[in-house]
Each structure stands twice: as C-alpha cells, then as structure tokens.
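# Inside the fold
Each chain, letter by letter, is given below.
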Amino acid sequence: PPQLPRWKRSRRELLQCLERFLRALVTGGPLSAPAAAAAPPAWERLLACCRGQGLLSSAESHAGAGPYWTHAATSRPLYLILDDNFYYQSMRYEVYQLARKYSLSFCQLFLECPLECCLQRNRLRSHPLPDQTIYLMARKIEMPDLKKNAWERNSLVLKSFDCTSEDNEQIISLLATALENPVKQNEENTEQKEADRATCAASTVHQADQTCRRIISQTMKDAKDKNVLPGEMKSLSEELNKLKAEFLEDLRQGNNLKNQICIQSQCFDPATSVISSFQHKATNVVNKYILK
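Residues numbered from 1 in each chain as written. Predicted model: local features only at pLDDT ≥ 70, side-chain atom pairs only at ≥ 80, totals over all residues. Heavy atoms only, no water.

### Observations regarding the packing of helix 1 (residues 6-27) against helix 4 (residues 89-101)
For the pair helix 1 and helix 4, interaxial distance at closest approach is 11 Å and the crossing angle is 15°. The angle between helix 1 and helix 4 falls in the class roughly parallel. Every pair of crossing elements has a handedness; the one defined by helix 1 and helix 4 is right-handed. Of helix 4, the residues touching helix 1 (which contributes Trp7, Arg11, Leu15, Leu18, Glu19 and Leu22) are Met91, Glu94, Val95, Leu98 and Lys101. The residue makeup of the contact of helix 1 with helix 4, split by class, is seven nonpolar, no polar and four charged. (Axes fitted to C-alpha atoms, helices over the stretch in contact; angles between N-to-C directions. Helix = DSSP H or I, 4+ residues; strand = E, 2+ residues; numbered from the N terminus. Parallel < 35°, antiparallel > 145°, perpendicular 65-115°, else oblique. Left-handed = near helix turned anticlockwise from the far one by under 90°. Contact = heavy atoms within 4.5 Å. Nonpolar A, V, L, I, M, F, W, Y, C, P; charged D, E, K, R; others polar.)

Structure representation (structure tokens):
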C-alpha cells in the first residue's frame, strides 16, 4: 500500500503513544516503551513531558519494563491537554474513542478566531506558515456540532481574540462537568453511527477532490489542444477551480446527498452523483471558451 503522508504518520504515532499512556495510567502499570524498532520519535518527547510534570519516577521498574507513575499522577485528577487544530470532526472522534475505551472524561475547547486575526498572529511567529495554509485551514476546519454529534456535547466555543475572566470560569466549568461524567464504554450506538458518517464523509470529499482535480487537468489539456489563448486559459482555470470548491463544499455539507442510497442491496456512493454533475458543468464551462 502507498505510504501515508508524513503528517498522517505523525498523527497516527501520537495516537498510539496516547493510548499506551492511557492504558498504563488506568492499569497503574509501568509506562513501557514500544519495541525499539517501532518506537516513534514522539515517545521520548512524551516521557520527557511526563517527567517534567512530576508524573513519572526516575527509577525504572523491574526487568526494565519502564518507569512507574508517581503518587502525584495517581492520587488526583489528571487533565491531559491535546493542543492541535483537529480541523476535521473525524480527527477529534479518534480521541473520543480512546476516552470511551478506557472510561475517561472527554471535552473540547474550540477557539474561534477571525481569519484576519489568524493571519496577523501567524506573521508574528518565529517560523510563520504561508498565508495560503491559513486560508486552507479556515476553509477546512469543522466546528463542534453539538446538535448533530452527541459525543461533542462537552464542548465550549470561545472567541480567542477577546479573552475575559468569564471565559476562565466557563473553561473550569467545562472541565468539572467532563470530570464528573466520564464517557461510558456502552455509549449509545448513534454516536458510533455519527462518527462513521463523519469519517465516511471526509473520505468521500477527499476522493471527490482527487477526481475533480483529474477532470480539471484533462479539461485544461483539451482546451490547450483546441488553441484556447493563454489569457483565457488562466480564466478557465480559475473558473474550474472555483466550481470545484463549490462542489466539494456542497458534498461536505451534505447538500447533494446526505447518505448513501441503497436499493436492492446496491449502494451508490454520494460522490458519484457529484462527480457526474461536476463533469457536466466543467464541460459546459470549457465549451464557452472553445466554441467562441
């Protein structure tokens, strides 16, 4: 199988480290490292972070199984903060699944920030990202949907550009509520169905995006072969990419087909209808330039 992109591999490794951490904490056993050949770089950083906060003893357990937890780690509530964009709901659900697996508490704090403010803050960083990356993130990010996703009910959305003392009170209340209501392993199946739908939707959008890119590439090649002028080629490219963005957003929001349609045990991917429609409209767009 093709190798995953670096960021996906890193995210998967971090989730594996997180589960190893949670399993050891729940059972009270030593925090043993993965096999040397498979130990991800994030593991040593995790250990260093735990030691820095006084959660791990300096001595190794018997037979080198790993360091034990200190009294401070096991005698009081422990809050684990995952500071990340988590821009897709499916990414956040992976963490929720771990909380449910080990009957732990789970909550989300979403910091809402205007795009211009994000751009300004990014430019002040020691190693700023390209503006285009910020624009892309702003388009992709999915806010918690408390009405649609029962598993996101312990969520708080705050304006990150205007923090107040009331915000601190809300955060403390969110943490207290989550702590008092750990996720149960037998949460209703609707949550699983919702998460499966979110994961499926993300995969469907990705597949549709790849197909639309191929359609645009082929359409541009056809236009060039038909001697469309360079200036018009640029306009054609902009129009097709705008059309793609609109179609993918419709698919992401479920405006085309909310679910797969199953008739006589045959399931039709919602992306199929969208791609067919996109192909048709892309052809109409390029014809405006070719048939002038």
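There is more to say, and it comes next.
### Let's talk about the side chain of Asn149
Following the sequence through the fold, Asn149 ends up in the loop between helix 6 (131-140) and strand 4 (155-159). Judged by relative accessible area, Asn149 falls into the buried class, the value being 0%. Looking at Asn149, its side chain comes within polar contact range of the side chain of Gln89, at 3.2 Å. (Buried < 20%, exposed > 50% of the residue type's maximum accessible area, 1.4 Å probe, protein only. Polar contact = N/O pair within 3.5 Å; in protein donor to acceptor, adjacent residues only side chain to side chain.)

### Some words on unusual backbone geometry
Phi is positive for Phe86, which is not a glycine, with a value near 40°. Among the structural elements, Phe86 can be located in the loop between helix 3 (71-74) and helix 4. One non-glycine residue, Asn227, adopts positive backbone phi at about 65°. Tracing the backbone shows Asn227 in the loop between helix 8 (189-225) and helix 9 (230-253). Residue Asn227 is classed as exposed on the basis of its relative accessible area, which comes to 66%.

### Structural notes on helix 2 (residues 42-52)
Residues Ala42, Trp43, Leu46, Leu47 and Cys50 constitute the buried set of helix 2. Taken down its axis, helix 2 places every buried residue within 140° of arc, on the same side. Summarising the geometry of helix 2, the exposed residues directed more than 90 degrees from the buried face are Glu44, Arg45 and Gly52. The first or second residue beyond helix 2 is Gly54, which carries a positive phi of 70°. (Arc of directions from axis to C-beta.)

### A short note on the packing of aromatic side chains
As enumerated under the stated definition, the model contains eight aromatic pairs in all. Aromatic pair Phe21 and Trp69: ring centres 5.3 Å apart, planes at 90°, arrangement edge-to-face. A residue pair is termed long-range when its members are at least 10 positions apart, and Phe21 in helix 1 and Trp69 in strand 2 (residues 67-69) qualify at 48 residues. An angle of 70° between the planes, with centres 5.0 Å apart, marks the rings of Tyr93 and Trp151 as edge-to-face. You can see Tyr93 sitting in helix 4 and its partner Trp151 sitting in the loop between helix 6 and strand 4, a full 58 residues away along the chain. Exposure class is identical for Tyr93 and Trp151. Each is buried. (Phe/Tyr/Trp six-rings, centres within 6.5 Å; stacked < 30°, edge-to-face > 60°.)

### Section: helix 1
Counted at 1.5 Å a residue, the expected span for helix 1 with its 22 residues is 32 Å, and the 32 Å between its end C-alpha atoms agrees. All of the buried residues along helix 1 are Arg11, Leu15, Cys17, Leu18, Glu19, Phe21, Leu22 and Ala24. Once helix 1 finishes, Gly28 follows within two positions and takes phi at roughly 80°, a positive value. (Expected span 1.5 Å × (residues − 1).)

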